[in-house]
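Overview (structure and organization)
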Amino acid sequence: MSNSKTSLAAPSVISDFKEITKMRLSISVVFSSLAGYLLGVDVVDFKILILLALGGYFMVGASNGFNQIIEKDLDALMHRTKNRPIPAGRMSVSTAFIISSVFTLLGIIILYSINKQTAMFGAISIFLYTCAYTPLKTKTPLAVFVGAIPGAIPFMLGWVAATDDFGIEPGTLFALQFFWQFPHFWAIGWFLYDDYKRGGFFMLPTGKQDKGTAVQTIMYSIWTVLISIVPVFGFTGKLQLSVISAILVFGLGLWMIFYAVRLFKLMTEKAAKQLMLVSVSYITLVQIVYVIDKFLR
């Protein structure tokens, strides 16, 4: 009987560990960092690549853990989050705090072993996400603006890891991912509006599912697309893009703008969810195009 309980408990512990660190989200963030590294490096060092992946995962996992500790009571009110390990009672706050603290230390140490600037930006991202973005979510829609800063750091973090330098190139990568987050998170805020309302979160720029929010979603989608093709004009140092790749990136941008306009026309949760899914595909594909273009040029 005890062996049966143990066999059932192990998958549960693993599942809770994955959920407290938001494994899928953390992996997607690590992907952005690795893309940034490949764009910045002259010769790929697989040791640094592995360290960046590990350090990045630890930092994002720590941020997510601290976030769930702070929001445990609010998570219990929302359908989407009530079964998370802490509100569901499967993990104590102290256990989550230990995991998040250990992840923070490991992340900073690993990123520091790459270079000091990488560790610094990693530490800034965890501080802003935990100490600024998380508490502001119940205060003001500007929380999305604050949260977009740590959310945009991973893409440029990879470049800094590769070059130990922050200039126009990582700045452009930062700007691209920074502006992308507005249509992405406003789409999420739209189709989860009722659930967020239960937790008292203010995610939409106007606070409502209205034309004002939809218009701003279109505007920030356009800004994202414009920034994505800037490297083709040769203004961004070593970060360059061929004409063919720029056309591909622009086409992907039109795809996202189409769904942003569709949200404006339909004003439905389904349209918002479609925009969210398209936005995830968009940023991933753009990063892939950037990397392939760099190695084929």
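Since we're looking at a predicted model, the values are computed, not measured.

Turning next to the pattern of salt bridges. Tallied over the entire structure, the rule returns five salt bridges. For Asp-16, the salt bridge is made with Arg-90, and the minimal N-O distance between the two is 2.9 Å. Taken together, the positions of Asp-16 in helix H1 (residues 2–20) and Arg-90 in the loop between helix H4 (72–75) and helix H5 (93–114) put the pair 74 residues apart, joining distant regions of the chain. With a relative accessible area of 39%, Arg-90 lands in the partly exposed category. The residue Asp-195 makes a salt bridge to Arg-198 at a minimum N-O spacing of 2.8 Å. Of this pair, Asp-195 and Arg-198 both sit in helix H9 (residues 193–199), separated by three residues, roughly a single helical turn. In this structure Asp-195 comes out as buried when scored by relative accessible area, which is 8%. Where salt bridges share partners, they join Asp-16, Glu-19 and Arg-90 into one cluster.

Time to look at the nonpolar core. In this structure, Leu-39, Leu-173, Leu-176, Tyr-282 and Tyr-290 are the most contacted members of the largest nonpolar core, which totals 85 residues. A per-element tally of this core places helix H7 (residues 143–163) first, with twelve residues. Filtering out sequence-adjacent residues up to four positions away, Leu-39 remains in contact with Phe-155, Trp-159, Leu-173, Leu-239, Tyr-290, Val-291 and Lys-294.

Further remarks concern the side chain of Lys-137. When you line up the elements, Lys-137 lands in the loop between helix H6 (116–136) and H7. Setting aside its immediate chain neighbours within four residues, Lys-137 contacts Asn-67, Glu-71, Ala-143, Gly-200, Phe-201, Phe-202 and Met-203.

For the rest of this paragraph, the subject is the environment of Ile-257. Here Ile-257 is to be found in helix H11 (residues 243–266). With relative accessibility at 16%, the residue Ile-257 sits in the buried group. Dropping the residues within four chain positions of it, Ile-257 is found in contact with Ser-221, Ile-222 and Val-225.

Counted according to the given criterion, the structure contains 19 aromatic pairs. Ring geometry for Phe-58 versus Phe-103: centroids 4.7 Å apart, planes at 75°, classification edge-to-face. One end of the pair, Phe-58, is in helix H3 (residues 46–70); the other, Phe-103, is in helix H5, and 45 residues separate them in sequence. The buried category is assigned to Phe-103, whose relative accessible area is 7%. What links up through ring pairs into an aromatic cluster is the set Phe-145, Phe-174, Phe-178, Phe-179, Phe-182, Trp-186, Tyr-220 and Trp-223. The positively charged end of Lys-211 is found above the aromatic ring belonging to Phe-264, 4.0 Å away from the centroid.

Basis of the calculations
Residues numbered from 1 in each chain as written. Predicted model: local features only at pLDDT ≥ 70, side-chain atom pairs only at ≥ 80, totals over all residues. Heavy atoms only, no water. Salt bridge = Lys/Arg side-chain N within 4 Å of Asp/Glu carboxyl O. Helix = DSSP H or I, 4+ residues; strand = E, 2+ residues; numbered from the N terminus. Buried < 20%, exposed > 50% of the residue type's maximum accessible area, 1.4 Å probe, protein only. Core = buried A, V, L, I, M, F, W, Y, C linked by side-chain atoms within 4.5 Å. Contact = heavy atoms within 4.5 Å. Phe/Tyr/Trp six-rings, centres within 6.5 Å; stacked < 30°, edge-to-face > 60°. Lys NZ or Arg CZ within 6 Å of the ring centre and 35° of its normal.

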